[in-house]
Amino acid sequence: MGEVKSADRTQPGVAQASPAPLYANRQKVYPKAVKGPVRRAKWLILALCLLLYYAVPLIRWDRGPDLPDQAVLVDIGNARLFFFWIEIWPQEVYYLTGLLVLGAIGLFAATSLFGRVWCGFACPQTVWTDLFMWVERRVQGDRNARMKLDLQPWSAEWLGKKAITHAVWLGIAMATGGAWIMYFNDALEMTPRFLTGRASLEVYVFFGLFTATTYVLAGWAREQVCTYMCPWPRFQAAMLDENSLVVTYRDWRGEPRGKLKGEGRGDCVDCMACVHVCPTGIDIRDGQQMECIGCGLCIDACDDVMGRLGRQKGLIAFETLTNLAAAEAAAKPLPPGPARQACGMQARTPLKVVRPRTLLYAAVLGLVVAVMGGSWLLRQTTSLSVLRDRAPNFVRLSDGGVRNGYALKLGDKTRDVERYALVLDGPAGLQLVVQDATPDAAGRPVLTTRPDGISQWRALVTAPPALKLPENVPVTFKLIGADGRTAVSTASVFLGPKP
């Protein structure tokens, strides 16, 4: 068969449409300043978050001599995490895992109840972007002034305002990077070393990294982080349901939108105030959108317009999709006006906090808290690690006996020296010797702990020639305290030749 060629559909003299571009240039967003209860709540949360972030490394906590007195410190050099009176060792990293699980489940629960409240109010990207935009408004003016400035050719005014803006941004970014490294170094000791160039290279590298990321993400990327970089908007739908509070435009009340004096119009006058204050530049009237971070600033903007027009506030509000659908169904037969508005509002029901999804999250949260709390209450301050020699597995002595060697690591999480008698629980006749250990009155080797550290010991277990044992014998090393109780025990094995 001959080759089948596709027909040429182009026609002479007819212009062909160019393919759609795969990349669209960013349309810069110029959010307008707004006042209202939501904005005040955001300012309060922003101030609290920034205060905690910058001030926590400065809080002191006395732990005694030769110990850091910083309340919150990730001490990489000494492998410790300090949080006020809590001290976590590397082998207790599961507590951090539990905290991360708690944070994740808590975020899921908050999202199921109140939508993207984390994104709109407490996310670091939102907090620092809000701060950077506040600086920008203070220097360059509000929305219209900034748009006009960007359209102007370069001038002394343009250069001056841009330079001041970016200088302040850079100062905030440097303070952010400087505060971050203080969580891993004593703040009062590191600050003079950092300022005089005596800090380590790693400190300056991480300072530069967090300075750069803060400056770029909060000053330049802004809404692009939420829209393109952050994974949360992609799977937030799995956390939401029809009873979750989300920022919503009540179209049953606002449509058909139009000018104030038009007949048969809804309450929306199409003033675009909700769009102008949005930090991501979307129109909330288009419905639920991935780009919406749930900040609620459009609520303040719309309420301000409704108040000035003498109309009831709440055209844009935190609402559930269930109430939105119920109000729309009830108000649909009525023409725009007070009667339709009253009918729609009466069809709404109170927020359902208790529902299967929230009960599931509450149960998981309670389970994780119970497990972590029980683990902490049962936390042992003394640990014993036993590592048997593997090369060789055992040694045949000249008299025919068999010996195994063990490396013991005794950890003590307290600040006091403790002494424990080491006892071997196994077949009768096995002999235990610990090098450099002093025996007690009963002949048991006594091990001394290293306060807030790990002491190492060498133990030898010998089976005399007359003791016939199988090839693999379970044994247990026990530490006996002064009260005669077993403080900790660790299982191991004693190996010998095949019988």
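All of these numbers come straight from a predicted model, not from anything done at the bench. (Residues numbered from 1 in each chain as written. Predicted model: local features only at pLDDT ≥ 70, side-chain atom pairs only at ≥ 80, totals over all residues. Heavy atoms only, no water.)

With that settled, the discussion passes to the sheet that holds strand β14 (residues 472-480). Read across the open sheet, the five strands follow the order β11-β12-β9-β14-β15; overall the sheet is antiparallel. Only two strands of the sheet have a single partner each, and these edge strands are β11 (438-439) and β15 (486-495). Inspection of the sheet shows β14 paired to β15 by nine bridges, in the antiparallel sense. If you follow Thr476 over to β15, its bridge partner there is Ala491. (Pairing = 2+ DSSP bridges. Helix = DSSP H or I, 4+ residues; strand = E, 2+ residues; numbered from the N terminus.)

Turning to the pattern of salt bridges, a few remarks are in order. In this structure the tally under the stated criterion is 30 salt bridges. For Asp142, the salt bridge goes to Arg146, with nearest N and O atoms at 3.9 Å. Note on Asp142: relative accessible area 31%, which makes it partly exposed. A relative accessible area of 2% places Arg146 in the buried class. Across the pair Asp267 and Arg253 runs a salt bridge whose closest N-O atoms are separated by 2.6 Å. Here Arg253 lies in helix α11 (residues 251-254) and Asp267 lies in the loop between α11 and α12 (273-276), a separation of 14 residues in the sequence. Neither residue differs from the other here; Asp267 and Arg253 are each classed as buried. Taken together, the shared-partner salt bridges connect Glu136, Arg137, Asp142, Arg146 and Arg222 into one network. (Salt bridge = Lys/Arg side-chain N within 4 Å of Asp/Glu carboxyl O. Buried < 20%, exposed > 50% of the residue type's maximum accessible area, 1.4 Å probe, protein only.)

The amide bond that connects Glu255 to the next residue, Pro256, takes the cis arrangement and shows omega of -5 degrees. Take Pro256: it is sitting in the loop between α11 and α12. A cis amide bond, omega 0 degrees, links Ala391 with the succeeding residue Pro392. Note on placement: Pro392 falls in the loop between β6 (382-388) and β7 (395-396). One non-glycine residue, Asp270, lies in positive phi territory at about 55 degrees. With a phi angle near 70 degrees, Met272 is a residue other than glycine that sits in the positive phi range. Within the fold, Met272 resides in the loop between α11 and α12.

We now examine the pairing of β6. A one-sided burial pattern is seen for β6, the buried positions being Thr382, Leu384, Val386 and Arg388 and the unburied ones Ser383, Ser385 and Leu387. By the bridge criterion, seven bridges tie β6 to strand β8 (residues 402-412) in an arrangement that is antiparallel. Considered in β8, the bridge of Val386 is made with Leu408.

This paragraph deals with the confidence of the model for the protein. Overall, the predicted model of the protein reaches an average pLDDT of 91, with 95% of residues at or above 70. Under a pLDDT of 50 for its full length, residues 1-10 has, in the predicted model, one contact with residues more than four places off or in other chains. (pLDDT = per-residue confidence, 0-100. Contact = heavy atoms within 4.5 Å.)

Moving on to the nonpolar core. By size, the foremost hydrophobic cluster in this structure holds 31 residues, and its most contacted members are Val247, Tyr249, Cys274, Ile284, Cys298, Leu315 and Ile316. Looking at this core, the elements that each hand over two or more residues are α2 (94-114), β4 (246-249), α12 and α13 (297-309). In terms of residue count, the dominant contributor to this core is α13 (seven residues). In this structure Tyr249 touches Gly254, Glu255, Arg257, Cys268, Ile284, Arg285, Leu315, Ile316 and Leu324, once residues within four positions along its chain are discounted. With 25 residues, the next largest nonpolar core counts Leu384, Leu408, Tyr420 and Phe494 among its residues. (Core = buried A, V, L, I, M, F, W, Y, C linked by side-chain atoms within 4.5 Å.)

On to the packing of helix α7 (residues 187-195) against helix α8 (residues 201-221), then. Across the interface, α7 lies against α8 with an axial gap of 11 Å and an inter-helix angle of 90 degrees. It follows from the interaxial angle that α7 and α8 lie roughly perpendicular. Contacts between α7 and α8 involve Met190, Arg193 and Phe194 from the former and Val203, Tyr204 and Phe207 from the latter. In terms of residue class, the contact of α7 with α8 is made up of five nonpolar, no polar and one charged. (Axes fitted to C-alpha atoms, helices over the stretch in contact; angles between N-to-C directions. Parallel < 35°, antiparallel > 145°, perpendicular 65-115°, else oblique. Nonpolar A, V, L, I, M, F, W, Y, C, P; charged D, E, K, R; others polar.)

The next subject is helix α15 (residues 338-346). Here α15 has its buried residues at Arg340, Gln341 and Gly344. Looking down the long axis of α15, one finds its buried residues gathered within 100 degrees of arc, a one-sided arrangement. Exposed residues on α15 whose side chains face more than 90 degrees from its buried face are Pro338, Ala339 and Gln346. If you follow the buried residues of α15, they end up packed against α11 and α14 (321-331). (Arc of directions from axis to C-beta.)

Turning next to a nonpolar patch on the surface. On the surface, a nonpolar cluster with roughly 440 Å² of combined accessible area is contributed by Phe114, Leu351, Val353, Val354 and Leu359. Mapped onto the secondary structure, Val354 falls in the loop between α15 and α16 (356-377). (Patch = residues over 30% accessible without salt bridge, like charges linked within 9 Å, V, L, I, M, F, W, Y side chains within 5 Å. Areas by Shrake-Rupley, 256 points an atom, 1.4 Å probe, with all protein chains shown as cover.)

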